[in-house]
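An overview of the molecular structure
Below, each chain spelled out in residue letters.
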Amino acid sequence: MSKSILFVDDEVSILKALNRAFLDEDYELYFAQSAEEALKIMEENYINLIITDMRMPNISGFELLKMIKHRYPGTIRIILSGYADENLVFRALQTNIAKLYILKPWDNEKLKQIIKNIFELEDLMKAKKCLEIVNNIDYIPTLKNLYLKITKTIEEELGIDNIISAIEEDPAISSKILQVANSAFYNLKTASVKQAVVYLGLVNVRNIILNTTIFECLQDGSSKSLLWQHANIANNIFYYLYDNIMKKKVHDSYASAGLLHGIGQLILLKTYPKKYIEYLSVIKEEKGPIDYEKIELELFGITHTELGAVLLNWWDIPYPVVEAALFHHQPYDERIIHKELVCAVNIACYCAWDILGVHSLQEYPLYSIKYLNLDEYICQEIKAWFLDNNR
């Protein structure tokens with residue numbers, strides 16, 4: 001059965017151009033000149049993907065996608081617009097109102113490839129084994145109300161005072177936020193939760209809450225400690241790579257990519273604790289790179305990359321972070337849309353395992369290094385930087 005796409009734009013010429021571009025593709029196409037018309041089409045037809053302009057009369061594209069997210073959560077949402085309100089785009093991407101933002105004028109072939117990639121990833125994340133684990137295991141952590149409250153605050157641009165009060169009432173979350181703010185990475189040196197939240201920003205605070213929630217579901221043990229260390233080291237390296245080496249700002253829509261890329265490992269550990277210990281022992285005994293996916297499939301019937309992507313997608317985490325979870329061991333995959341991000345996470349993941357002495361969990365990230373035009377000794381440089389700053 002072919003996928004259905006709804007294009008929404010108040011300019012007839014844009015809709016005609018999109019119709020010509022996709023006429024020979026195997027999609028069921030719908031077109032609307034307003035949000036009202038789009039909603040009517042949605043009521044009468046099952047739409048797999050909606051692509052809308054942002055600036056439209058009466059109901060904006062942002063408001064339209066917001067309504068669709070709540071009424072039809074299974075529909076993929078993309079912005080295609082020449083209107084670049086950075087604040088609105090940030091809210092759309094960070095709250096997953098839209099998975100992607102594509103700027104006009106667009107390239108027909110690139111747009112078609114992006115849509116093809118998105119459909120393929122959505123189908124992959126509906127794999128039976130992944131969904132069974134996510135849907136049928138009652139101890140997979142549900143997101144705290146506080147996390148959802150922060151998401152709504154970002155989406156609606158509300159005040160943060162009520163969030164700070166809620167954080168202060170949760171000792172575990174408060175201590176974790178203060179721990180991060182006072183770490184060598186941020187070096188804030190404060191005992192004030194409010195000061196830490198303002199300094200870190202709501203996006204970082206939300207990511208910390210998410211990470212804490214995930215680890216709460218695991219009992220203490222060496223494997224949990226190892227994964228906790230890896231997540232935090234990889235996150236620090238990810239930021240160092242962007243800020244100091246690539247000289248770029250980490251976009252808020254994928255700020256948690258370094259922290260959450262290996263989340264599938266946590267769920268494997270929680271779901272299959274005995275098999276996971278066996279898995280780690282096999283990996284640690286290997287002296288060179290190994291086929292981790294083959295071992296995971298043999299032991300668990302699923303890979304941690306697939307499971308992590310499904311879980312993050314289920315939690316409505318921004319699309320680039322889902323991609324990083326799915327492809328951080330395969331940055332060369334042709335389906336990747338945010339290639340730079342995935343390559344950066346690939347390097348951060350490798351360096352973090354190297355620092356922890358687990359060398360064989362990932363091959364040397366030569367592809368990512370070349371793609372990002374970095375020096376071939378960059379991993380050694382990163383390791384030296386980290387060790388110098390964490391003695």
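Structure: above.
Residues numbered from 1 in each chain as written. Predicted model: local features only at pLDDT ≥ 70, side-chain atom pairs only at ≥ 80, totals over all residues. Heavy atoms only, no water.

1. Quick word on helix α10 (residues 193–200)
To keep it simple, the criterion reads: Note on classification: 1.4 Å probe, protein chains only; a residue is buried when its accessible area is under 20% of the maximum for its type, exposed when over 50%, partly exposed between these limits. Each helix is a run of DSSP H or I of at least 4 residues and each strand a run of E of at least 2, with the numbering of both proceeding from the N terminus. The arc refers to the directions leading from the helix axis to the C-beta atoms. Whenever two N or O atoms come within 3.5 Å, that pair is a polar contact, provided that in protein one can donate a hydrogen and the other can accept it, and provided that, for residues adjacent in sequence, both atoms are side-chain atoms.
Along α10, the residues that are buried comprise V193, A196, V197 and L200. Looking down the long axis of α10, one finds its buried residues gathered within 95° of arc, a one-sided arrangement. Between the side-chain oxygen at the start of α10 and the backbone nitrogen of K194 there is a gap of 3.4 Å, and the oxygen is on S192. Phi turns positive, to about 90°, at G201, one or two residues after α10.

2. Description of helix α1 (residues 12–22)
The condition that has to hold: Any two residues whose heavy atoms approach within 4.5 Å are treated as being in contact.
Every buried residue of α1 is accounted for by I14, L15, A17, L18, A21 and F22. Down the axis of α1, the buried set is contained in an arc of 160°. They therefore lie on one face. The outward face of α1, more than 90 degrees from its buried face, is lined by the exposed residues K16 and R20. At its buried positions, α1 is contacted by β1 (3–8), β2 (27–32), β4 (76–81) and α5 (108–124).

3. Here's the deal with the packing of aromatic side chains
Note the following rule: Stacked, edge-to-face and tilted are the three classes for Phe, Tyr and Trp ring pairs, Trp counted by its six-membered ring, which pair at centre distances within 6.5 Å; planes under 30 degrees apart are stacked, over 60 edge-to-face, the rest tilted.
If you walk through the whole model with that rule in mind, you get 16 aromatic pairs. Residues F7 and F22 carry aromatic rings whose centres are separated by 5.2 Å and whose planes lie at 50° to one another, so their mutual orientation is tilted. Of this pair, F7 sits in strand β1 while F22 is found in helix α1, placing the two residues 15 residues apart along the sequence. Of the two residues examined, F7 and F22, each falls in the buried class. A centroid spacing of 6.1 Å and a plane angle of 85° characterise the contact between Y332 and Y367, whose relative ring orientation is edge-to-face. Placement of Y332 in the loop between α18 (319–327) and α19 (339–355) and of Y367 in helix α20 (residues 366–371) is noted, with a sequence separation of 35 residues between them. Y332 gets classed as partly exposed once you look at its relative accessible area, which sits at 48%.

4. Topic: the pairing of β4
Test applied: We call two strands paired when DSSP finds no fewer than two bridges between them.
The buried count for β4 comes to six of six residues, which makes it a mostly enclosed element. Side chains I76, I78 and L80 of β4 all project onto a buried face; the interleaved residues R77, I79 and S81 project onto the opposite face, where all are buried too. Looking at chain direction, strand β3 (residues 49–52) and β4 are connected through four bridges and run parallel. Opposite I51, over in β4, you have I78 as the bridge partner. One ladder, built from four bridges, connects β4 with strand β5 (residues 100–103); its direction is parallel. Note that in β5 the partner of L80 across the bridge is I102.

5. Quick look at the pattern of salt bridges
The line we're drawing: Any carboxyl oxygen of Asp or Glu within 4 Å of a side-chain nitrogen of Lys or Arg constitutes a salt bridge here.
Under the defined criterion, the tally for this structure stands at 11 salt bridges. The partner of D123 in a salt bridge is K3, and the shortest N-O contact between them spans 2.9 Å. Of this pair, D123 sits in helix α5 while K3 is found in strand β1, placing the two residues 120 residues apart along the sequence. Here D123 falls in the partly exposed class, since its relative accessible area comes to 39%. In this structure, the salt-bridge partner of D9 is K104, at a minimum N-O distance of 2.5 Å. Of this pair, D9 sits in the loop between β1 and α1 while K104 sits in the loop between β5 and α5, placing them 95 residues apart in sequence. For D9, a relative accessible area of 2% corresponds to the buried category. In this structure K104 comes out as buried when scored by relative accessible area, which is 18%.

Interpretation in functional terms is not warranted from these geometric data alone.
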